[in-house]
Structures are given as C-alpha cells and as structure tokens.
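# Per-entry structural report
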Amino acid sequence: MFSFFFLFQYTVWNFVPKNLFEQFRRIANFYFLIIFLVQLMIDTPTSPVTSGLPLFFVITVTAIKQGYEDWLRHKADNEVNGAPVFVVRSGSLVQTRSKNIRVGDIVRVAKDETFPADLVLLSSDRPDGTCHITTASLDGETNLKTHYSVAETSVCQSVSQLEALQAVVECQQPEPDLYRFVGRMTVTQHGEEIVRPLGPENLLLRGARLKNTKEIFGVAVYTGMESKMALNYKCKSQKRSAVEKSMNTFLIIYLIILLSEAILSTILKYAWQAEIKWDEPFYNQKTEAERNSSPILKFISDFLAFLVLYNFIIPISLYVTVEMQKFLGSFFIGWDLDLYHEESDQKAQVNTSDLNEELGQVEYVFTDKTGTLTENEMQFRECSINGTKYREVNGKLLPEGMTDDSPDGSMPPLVLHIYIAGLMGDELLFLKAVSLCHTVQISYDQSDCLAVGGDPFSHANGVSSSPMEYYASSPDEKALVEATKRIGVAFSCSNGDTMEIKTFGKLEKYKLLHVLEFDPNRRRMSVILQTPSGGKVLFTKGAESAILPFATSGEIEKTRLHVDEFAMVRFLLFIYLFKLNSARTALQQREERLQEAFSYIEKDLQLLGATGVEDKLQDKVQETIEALRLAGIKVWVLTGDKHETAVSVSLSCGHFHRTMNILELLQQHSDNECAEQLRILSRREDHVIQHGLVVDGASLSLALREHEKLFMEVCKNCSAVLCCRMAPLQKAKVVRLLKTSPEKPITLAIGDGANDVSMIQEAHVGIGIMGKEGRQAVRNSDYAIARFKFLAKLLLVHGHFYYIRIATLVQYFFYKNVCFITPQFLYQFFCLFSQQTLYDSVYLTLYNICFTSLPILVYSLFEQLVHPHVLQNKPGLYRDISKNSLLSFRTFLYWTVLGFCHAFVFFFGSYILMGEDTTLMGNGQMFGNWTFGTLVFTVMVITVTLKLALETHFWTWMNHFVTWGSIAFYFIFSLFYGGIIWPFLHTQDMYFVFVQLLSSGSAWFAIIIIVITCLFPDVLKKVLYRHLQPTSTQKSQVMRGGDCLCCSLDPSPLKFVQSYMEFVFSALTFVLFCLCVRFCEWVCGCVCVCL
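As recorded in an unreviewed UniProt entry, the protein goes by the name Phospholipid-transporting ATPase, listed as coming from Astatotilapia calliptera. The annotation that UniProt attaches to the protein under Cofactor (unreviewed entry) is "Mg(2+)". Recorded in UniProt for the protein, the comment headed Catalytic activity (unreviewed entry) runs: "ATP + H2O + phospholipidSide 1 = ADP + phosphate + phospholipidSide 2."

If you want it as structure tokens, here you go:
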C-alpha cells in the first residue's frame, strides 16, 4: 500500500467523459443535445447550427472553469504527495517522495515537519525515546502532546541500528477514530521475543507536526487513504445550490410548455389540412413519396419540427451566463478589504464559485470552537483552595477581596518570607499539585536543568527570566503551570521518570511512577509520584463531575460553588502496580481493563481545590453570533473539547445567554436511557424562556441510532445547540441530520482543522478558517476566511448580493425567452402551421448570445439593492431573502405571465399597426413576412433590455455602457448584416430588410408605442407597491437614500415623495413619447405628400 493521497475529482483520462456526464445531468444541456441530434436527423425549419453552436459554447466554457478548479486541487495534492521524505533502505537514508512510502518503511521526520503517514514511534533523539507533536490540523489542539517509543527500540538512534532491528508490528484494521489504536510489537533480541503493547501514545498520525524534538524514526503502519486523517475525510461530492435546483424545476415546467405548444401546433396543423385546399395547395404539390409516407411517421416528424422551432424557450445560455456570473463574481470576495486580515496578511479565498448565492440562504451555521471561535490562548483567572477563593495579583496568590500594595510585583525579603510562610499549608500543596499533575514539556534541552551550578531561574516572586517555554497537550495545562511558576512554584524539568519543581527557589525532585492518561470516559488524569521523602502520592485532576463523586474529604460543598473547570485532588496511596501493568500489556479489551485499573486507583480522594482558566475569544465573535441570530440563522457549536470548557466558551461568546435554560443530554449509556431523557426534554412546555441544548458525542451516537426524530424535535425547540466530545465523522453526521430533515434547511459549516473537514464537505457551504492549524480545512472548503468575524459580512452582504443577482438573472432569462419564442408560436396561426420561422436564423442564434446577454451579466455582477453598510447594520434584512423567496413559484409565475403578456403585445401590436396596410414605403413597395418578423424582433430587443434597466437599482458606467450599447449594437449589426449580400449564405432573405424598416415612420411609431405599452404598467406597479406595500428592503433603500435627512425627518414622507416623483416622471416620459410619435407621424405624412 503506497502513501498516495488525493482530493481531486478528475484525471487526464476521465476528465472528458466524467465532465460531460456531469454537465449533461443538467436538464437544459441534455435537452439541447437531443434537439441538436433531431436537427441532424430530420428536415427542420432551422439549421442545426442554431442549437449546436450555443451548446458547444456552454459546454466548453463550463468545462474550462471546472477543469481549472480541479487543476488547483491537483496542484494542492501534488504538494502533499510530492513532499520529500527520508526512509531507511539498504542500510542508508534514501530521499523519496511522500507518495512512495510503503507499509513497513522506517521513516525519518525532522523537527517542524509533518508526518507523511501513520507511524509507530521507534526512537527519537531524546534518551527516553519520547517526542512532542502538535495535532492542530487533526483535533484542533495547538499544544504539544507527548508520544512514546517502546524501550527496546528507543535505543536505536542510528540507521545501522534500525537496519539491524528485528521486530514485527501487529495492529488493528484501519479505522477513522483518531483517539483509538490497539497493537503490539514483538521485538527479537538475542533469540528472545519480547512483546510490547502499542496504543495511541505510540502512534504518530499523518498530518500532525513534530515539535521540540530534533528528529524521530517511525515505522509506517497506515499509509495513503488508509491513514486516520484520510479516513476522516468525507468523499467530496459535487455540491449544487438551491438556486440551481430551482432552475431545474423551472426548466421542467418550461419543457412541459414547450411540449404542449408543439403538440397543439401539430394537432392544429392536421386539423387545418383536413380541408383539401389547404392540404395540397396548387403552389405546393406533394411528391409521390410524400403521398405514400406513413401518417404516423409524418406526425412524429412534424411534432419534432415544431419542437425544434420552439426549442429556444429553453434558455441554454442561462447556464453559461450563470457560470460566468459565479466565476467573475467570486473575485469580489477576494477583493473585499473588509475581509482582509492585516496581521496575518491573508485575504478571503474562493475555492469553488458554484455556491456564491447559497451564502444568502444559510439557516444553520455549524462551527468548531478551538481556533474558530477562540484564539486557543488560555489565561489563569482564579482558584479555590480548601474552600477559599484566590486570585493572582502581580505574581502573588491572594485571597479574594485582598489587594496588593506593590503593583510592580517586587517584594522586600522580609515580606517575601512572610508571604512564603503564609503559603505553607494547603495552598502550597495545591500549587505543587498543579505543578506536577500534567504532561507539560519544556522547550530547552533537559540537560540544562541537570547541569551542576546552573540555575535556569532567577526568582523574585518565583518569576523566571530564563528563555524557556512550556509546551502542553492542552492549553489549560500550560496556563496552570505558567500561573504556578509566576506565583513561585515553578515546574523546572522533566527527565524521563524524574520531575523537578522549584518552590520559591528550593529544588524538589519527584520520581514519576505512572501517568494515568486522560480519556473521554473518565474525564480526568492522574500522576503517581514518589516524593523526596520516599512516600508515594497520587495527584488527580479533571472535570467537576469526574472528581467530586470520588472525593471523600475536604471542603467539597464550598469548592463545588467555586468550581469553574478543573478540580485538583490528592490522596496518599500505595498502588497495586501489577494490575495496572497487566492491563497495559493486553491486546484484547485493553481499554476496559485499563478503566477497571484506573477506577481501582482513583477513589477515596481528598479534595484540595479547583482552578479557573479562560480561553481568549477571537475579536468580535460575540457580535458576529448575535448578528447571525438576528438574521434568523441558528448557530450550533460542534467541538471535540470537554463539556465544561465548551459550555464556558459558549457562554462567553454569546452562543449561550446567561438567562438561557440549559438542557443536557450527557453520559447516556443505553438506547432506553437516551430515549427517556429525550422524552423528558421534549415535554418541556415553557416556550417563553429560550433553551440551549448540550449533548456529548456518546449520547449523540445513541440519539442518532434510533431516535433521530425525537432528537430533532428537542433541537428545534432550542435557540442554540452545543455538541462536545465530537469525533470528526460525528460532526458530519450532525450536519447530514439537519440537511435531510423535512424542512431541508441550507447549512454552513466553518472550522480550521483537519478534524473539521468532514463537516465542511457535508454542509451545503463549507468555510475554512486560515488559522494556526494547518491548511486541510482551507483546501477542502468552498470558501476560506482568516477570522470568524468575517463570516457576518460574507453572509449578510456578499450572500445577500449574490442571491438577489442570481435570482433576478434566472427569472429574467426565462422572461426574455418567453418573449422571444411566443411570437413564433402565434405566427403559426397565420401561416397555416407550415413551420415557417418568424425570425431569421442569425437572429435566432444571436438573441441570447449577443443582443441580450451583456446587460444581465453586468447586472448580476454589480447590482446592490441596499448599501453594504445598511445590510451589516440591519441583519434582519437577511430574512427577506431566506428560504429562496425570490425564486418562489409565485415570483416565477409572475415573470412567466409577464413574458407571455409582453410577447402578445409584441406580436399583435405589430400586426395591428402594420397588418392592415403593408404598403408602408413611400414608393409603394410592400413589406413582407421578414420585415414583420424583424419589427417584432426589434421591439422585443428594446423592451427586454429596458425592462432590465427598470429592475436595476445600482447604476455604474458599465451598466449604462452595456444597456444602451446592446441596443445600439443590435441596430448597427442589423444594418451591416442586411446591407451586404453574403456569398456563403444559401439565401439572402434579410438583404435590405432592416434598412427599409427604419426608413418607415410608421415602423418607428409602432416601436415606440409597443415599448411604452409594455413597460408603463411595470413602472406603475413598482410605484404603487413601493408606496402601499413597501418591503423592509425598500424601506432601507429610502433610509439610505435620505441619510442626510433621516436624522431630522421622518422617513415615511420621504418615501411618499420619492414614489410620487417616480410616478410623475413616468407619466411625463409617456407624454413625451406620445408627442414624439405624433411628430414623427406628421413628418412621415408630409414627406409622402411631397413625393
């Protein structure tokens, strides 16, 4: 098994077939492919080019875009797989690539490098064979963890020794659990086999980073996609936005309209041809083959011909315009300086542009805690010792209420002596317990602390001036040890089985006998030490619920009131070591045996006290969560952290309010117990008080097994949900649970570590935080930002803009295509359903590609209904666009009916104004059907362009250029196209047609009258609705427009004045147009009389 790791979707060999399969899953693409094939097989009214060329353009543009995005993923994968590594082969170190590592290879990893595979630690540069790593990219913890090698391999610190090593590693099959590993190593020495157990403390996970250790050697056990990091990655699937799903639904409706029109036209054709004179007129005699052809085949052929004739009602260019809008629009996120983090020099990043509009539809946000909401920087605040609360003031531990008279922290010798004497009771024992009960490591070489005459500490109040730093497996451990060091009890050295502390300058050595590691079930850890006097002592620390039940003495009740996060306990004990050792060496049921041994040891304890630490929140986290809540977005926190820590952070960041009733689903051990607790929680009838729910990973697994509906019922009644002790795949399951609920809400997941990748990929929208925990989350996300606070603008502003732009784009495309093809359908009633086309084939091809494409594209890039500052200051405006409201069936129906109405006005207006008298030329020359079709087409291009102008609120020079430029381009192109005889065309139907049309005053009169007739009702409707039923967005537009006046005037009169002015302006415009028409008609009449 090679260590090849990949996240890409395509390869060189499967890109074309796989990408074509993905694209032809879209209804419009598949439909136009069928139409194109039909045009190739039968005689149709239009050329195959009219369908094939737009289809090829759409497919090509989309393939280029998706290929570019996948190339970026390939590039990122190649960086990982091509990273140089050193392996031991043939008695020497050989450099190779990460992807070439095989199971059983011995790999060397140097300081600050990431592990290229899951390795069992063999040795390190330390004498005891330990190393320190950070798993920030895996479980979200940035502090150091200590890992161990077995004694028999820890001495193999050279390549020659490793080459001579004879050992066999047996381990379980690959599984995604990051915290579980069971195996054993059989080492052969001098013909004797020695069996040693292997656990999580021996396994170095891929993606973790080596810290504070020069180099290590490890043997690869899981490589490539079998590594635990890879198994926690959810297979990346193609995400589709709610807008795209709505587009597919609308396309199906339009396909039904198309089929209905084609079937109706075919039936009416045969009904009309029932009369002999219309079936075979004198000017169009049938051939003998046509008379003998099968009626069924003829009916099918006519049906397909009508299908091709009306096929443009399906807007194939909609997809390519949407793709271009998403791709170009995504650059605005990266260009937004408000999303730029100056300290880290990082700007927002878009990894996929397919989900831009989904940012405006989010209903649930699932967020990680560590590194996402917090900076992961713990600070010691206070402690409770023997029932008395203490605070740290200027490096001294003082009872609550007392003040320090020396703010600089300096104390004269006499005062220092009195202070030390005052701590000689339970307080000093408590500080020693905090300084010894941990797995903290020191950054400088351990040999320094053993040097004779060397004193790395120079104490005033126990404060060290030595350039040393603590590294710990959890940030709270580091904060506590640093706090005791400042107070005067400093942890100074850990050398294998020896721990040293300096109590106000006095060195004390303790022998470390055993470490009872922390695990999520016990929720505590212990150390067994031999004191300098030879006695044995057990120090234990853990969560309140994991400590107090085992305490039998001490100020339990007083301490319970003071408890915030951790409790410290101590008990003098002679341990039964054989039972503990036998549990550690078990290969089967090791966890159960260790739990039994630990429970035997950690009991009948004396309570010393409790500590309180605080994690530093990121800037503006509370404001961001509150803004999301006002926008109607529910926030769930999913973290692998401990229950107490997670609740504390939720309270401090505003996720939980102090007045909120906190419901708990914790420590459930069976399905029945979990179901009963869920029923109790669901029966709460107090809907006035806001509820928050706390659930742990084990209880969640039981709830999701058989009680999903009950669990969802409880969650929906809660304003905020906190899930703690979550494995990466559990996070993804929670997201999937909400996604698949009956309401089908839009979900967003945000995190910064590899442990968040699964939920980021599972959610509709995944956002990675560019923090301190690697780049796995960023690489696998849809969007990446530097800080959590940027999420507010990303959703409330960019999401709002993207959604209204794309929603209008979709509706407008359907509208203009209904306007385009309905006159073609009506024309068949006047040509005996002969399948005669109303428009020239060039116009058919260029209508969506050239004449009407740029205005809507520019609109979809720059439109702003409301100023960005208003959207940020009024998060409630986000509710106006929630639940896909702008693409509801009612809105879709309005645009469709409007398109049909305008199409009827185009056709019958042109017919009435010029149908009775076709001799509109001054020389008596008659207009033909191509002139009539061109008139309809001209009115249509002008009307649909001006209709979009009416929908535009935010005008830029680009909008003006493409709006008026598109109309001008149509006129210039038509004059050029109709003014030249093109030799490569089969017919010259359009020669001089447009020139003749524009030379007619009556044609100009018809164009102006029809355009005004179509658009004036729209203007009137907008004015009345804005005045009588304004939306929150429209009110905000008025407020923003009158910023300079709103401070002193009521906005309602301003709104009325604005609406009234719009109405008056529209009326004056109409009158002006009418006068112009009358003038043109008078001029044309005078010219005709003169001639």
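The discussion continues.
### Observations regarding the overall build of the protein
Per the secondary structure count, the protein includes 41 helices and 34 strands. Expressed as a percentage of its 1091 residues, the buried residues of the protein come to 54%. Looking at the protein as shown, the accessible area adds up to about 47600 Å², and 60% of this sits on carbon and sulfur atoms.

### Considering the UniProt feature "active site" (unreviewed entry) in the protein
In the UniProt entry, the feature "active site" (unreviewed entry) is given for Asp-368. Structurally, Asp-368 can be placed in the loop between β14 (364-367) and β15 (374-385). Taking the relative accessible area as the measure of exposure, Asp-368 reaches 2% and is therefore buried. Among residues more than four places away in sequence, those in contact with Asp-368 are Leu-373, Leu-638, Thr-639, Lys-731, Ile-750, Gly-751, Asp-752, Asp-756 and Met-759. A polar atom in the side chain of Asp-368 sits 3.4 Å from the side chain of Lys-731.

### Some points on the sheet that holds strand β8 (residues 183-189)
Here we have three strands laid out as an open sheet, ordered β7-β8-β9, and antiparallel in their pairing. Only two strands of the sheet have a single neighbouring strand rather than two, namely β7 (167-171) and β9 (192-198). In this sheet, neighbouring strand axes are inclined to one another by 20° on average, regardless of whether the strands run parallel or antiparallel. When β7 meets β8, the two strands line up antiparallel, connected through five bridges.

### Some details on the environment of Val-350
When you line up the elements, Val-350 lands in strand β13 (residues 349-350). For the pair Val-350 and Ala-784, spaced 434 residues apart in sequence, the C-alpha separation works out to 6.5 Å. In this view, Val-350 contacts Ser-330, Ile-333, Asp-782 and Tyr-783; residues no more than four positions away in its chain are not counted.

### Considerations on the packing of aromatic side chains
Each aromatic ring pair is characterised by the separation of its centres together with the angle its planes make. For the coordinates displayed, the defined rule picks out 51 aromatic pairs. Between Tyr-364 and Trp-636, the aromatic rings sit 6.1 Å apart at their centres with planes inclined by 85°, giving edge-to-face as the arrangement. Taken together, the residues Tyr-364 in strand β14 and Trp-636 in strand β28 (residues 634-638) connect sequence positions 272 residues apart. The exposure class assigned to Tyr-364 is buried, which follows from its relative accessible area of 11%. Ring centres 6.1 Å apart and planes at 70° place the aromatic pair Tyr-843 and Phe-851 in the edge-to-face group. Note on Phe-851: relative accessible area 0%, which makes it buried. Across the ring face of Trp-895, the terminal group of Lys-947 is positioned such that the distance to the ring centre comes to 5.2 Å. For the cation-ring pair, Lys-1021 lies above Tyr-1025, with the distance from its terminal atom to the ring centre recorded as 4.9 Å.

### Section: the packing of helix α8 (residues 242-272) against helix α30 (residues 790-827)
The N-to-C vectors of α8 and α30 enclose an angle of 5°; their axes lie 12 Å apart at closest approach. Compared by their axis directions, α8 and α30 come out roughly parallel. Between α8 and α30, the contacting residues are Val-243, Met-247, Phe-250, Leu-251, Tyr-254, Glu-261, Leu-264 and Ser-265 on the first element and Tyr-803, Ile-806, Val-810, Gln-811, Phe-814, Val-818 and Phe-825 on the second.

### Examining the sheet that holds strand β4 (residues 118-124)
Pairing between sheet strands relies on hydrogen bonds along the backbone, with the strands arranged either parallel or antiparallel. The strand order β2-β1-β3-β12-β4-β10 describes an open sheet built from six strands, whose pairing is antiparallel. Two strands bound the open sheet, and with one partner strand each, they are β2 (92-97) and β10 (203-204). One ladder, built from six bridges, connects strand β1 (residues 84-89) with β2; its direction is antiparallel. The partner of Val-85 across the bridge, within β2, is Thr-96.

### What to know about helix α1 (residues 15-23)
Along α1, the residues classified as buried are Asn-19, Glu-22 and Gln-23. The arc that holds every buried residue of α1, seen down its axis, measures 95°, which confines them to one face. In α1, the exposed residues that point more than 90 degrees away from the buried face are Pro-17 and Phe-21.

### Some points on the environment of Tyr-847
Inspection of the secondary structure assignment puts Tyr-847 in helix α31 (residues 841-851). On the accessibility criterion, Tyr-847 (0% relative accessible area) is buried. Separated by 27 residues in sequence, Tyr-847 and Phe-820 have C-alpha atoms that sit 8.4 Å apart. Setting aside residues no more than four positions away along its own chain, Tyr-847 makes contact with Lys-816, Asn-817, Phe-820, Thr-852, Phe-937, Met-940, Val-941 and Val-944. A polar contact is formed between the side chain of Tyr-847 and the backbone oxygen of Lys-816, at a distance of 2.9 Å.

### Topic: the pairing of strand β31 (residues 720-724)
Of all five residues that make up β31, five are buried, and the element is covered over most of its length. Of the two faces of β31, the one carrying Ala-720, Leu-722 and Cys-724 and the one carrying Val-721 and Cys-723 are both buried. Where β28 and β31 come together, three bridges link them in parallel fashion. Bridge pairing in β31 places Leu-638 opposite Cys-723. Judged from the five bridges that link them, strand β30 (residues 691-696) and β31 form a sheet pairing that is parallel. If you follow Gly-692 over to β31, its bridge partner there is Ala-720.

### A word on a nonpolar patch on the surface
On the surface, Tyr-68, Trp-71, Leu-72, Met-324, Phe-327, Leu-328, Phe-331 and Trp-335 cluster together to form a nonpolar patch covering roughly 780 Å² of accessible area. Elements with a contribution of two residues or more to the nonpolar patch: α3 (49-81), α12 (317-329) and α13 (331-335). Checked against the element boundaries, Leu-72 lands in helix α3. On the basis of relative accessibility, which here comes to 36%, the residue Leu-72 falls in the partly exposed class.

### A short note on the nonpolar core
Ranked by size, the top nonpolar core spans 95 residues in total, and within it Tyr-839, Phe-937 and Met-940 carry the most contacts. Once you skip the residues sitting within four places of it in the chain, Phe-937 turns out to touch Phe-820, Tyr-839, Tyr-843, Tyr-847, Phe-851 and Tyr-970. Among the nonpolar cores identified, the runner-up in size contains 45 residues, and Phe-656, Ile-769, Met-770 and Ala-784 belong to it.

### Concerning the environment of Gln-23
Its place among the elements puts Gln-23 in helix α1. A relative accessible area of 1% means that Gln-23 is categorised as buried. Between the C-alpha atoms of Gln-23 and Ile-59, which are 36 residues apart in sequence, the distance is 7.3 Å. Non-local contacts of Gln-23, meaning those with residues more than four positions away in its chain, are made with Asn-29, Val-58, Ile-59, Thr-62 and Ala-63. Side-chain polar atoms of Gln-23 contact the side chain of Asn-19, separated by 2.7 Å.

The rules we used
Residues numbered from 1 in each chain as written. Predicted model: local features only at pLDDT ≥ 70, side-chain atom pairs only at ≥ 80, totals over all residues. Heavy atoms only, no water. UniProt positions renumbered as here; feature names shortened; annotations may be inferred. Helix = DSSP H or I, 4+ residues; strand = E, 2+ residues; numbered from the N terminus. Buried < 20%, exposed > 50% of the residue type's maximum accessible area, 1.4 Å probe, protein only. Areas by Shrake-Rupley, 256 points an atom, 1.4 Å probe, with all protein chains shown as cover. Contact = heavy atoms within 4.5 Å. Polar contact = N/O pair within 3.5 Å; in protein donor to acceptor, adjacent residues only side chain to side chain. Pairing = 2+ DSSP bridges. Axes fitted to C-alpha atoms, helices over the stretch in contact; angles between N-to-C directions. Phe/Tyr/Trp six-rings, centres within 6.5 Å; stacked < 30°, edge-to-face > 60°. Lys NZ or Arg CZ within 6 Å of the ring centre and 35° of its normal. Parallel < 35°, antiparallel > 145°, perpendicular 65-115°, else oblique. Arc of directions from axis to C-beta. Patch = residues over 30% accessible without salt bridge, like charges linked within 9 Å, V, L, I, M, F, W, Y side chains within 5 Å. Salt bridge = Lys/Arg side-chain N within 4 Å of Asp/Glu carboxyl O. Core = buried A, V, L, I, M, F, W, Y, C linked by side-chain atoms within 4.5 Å.

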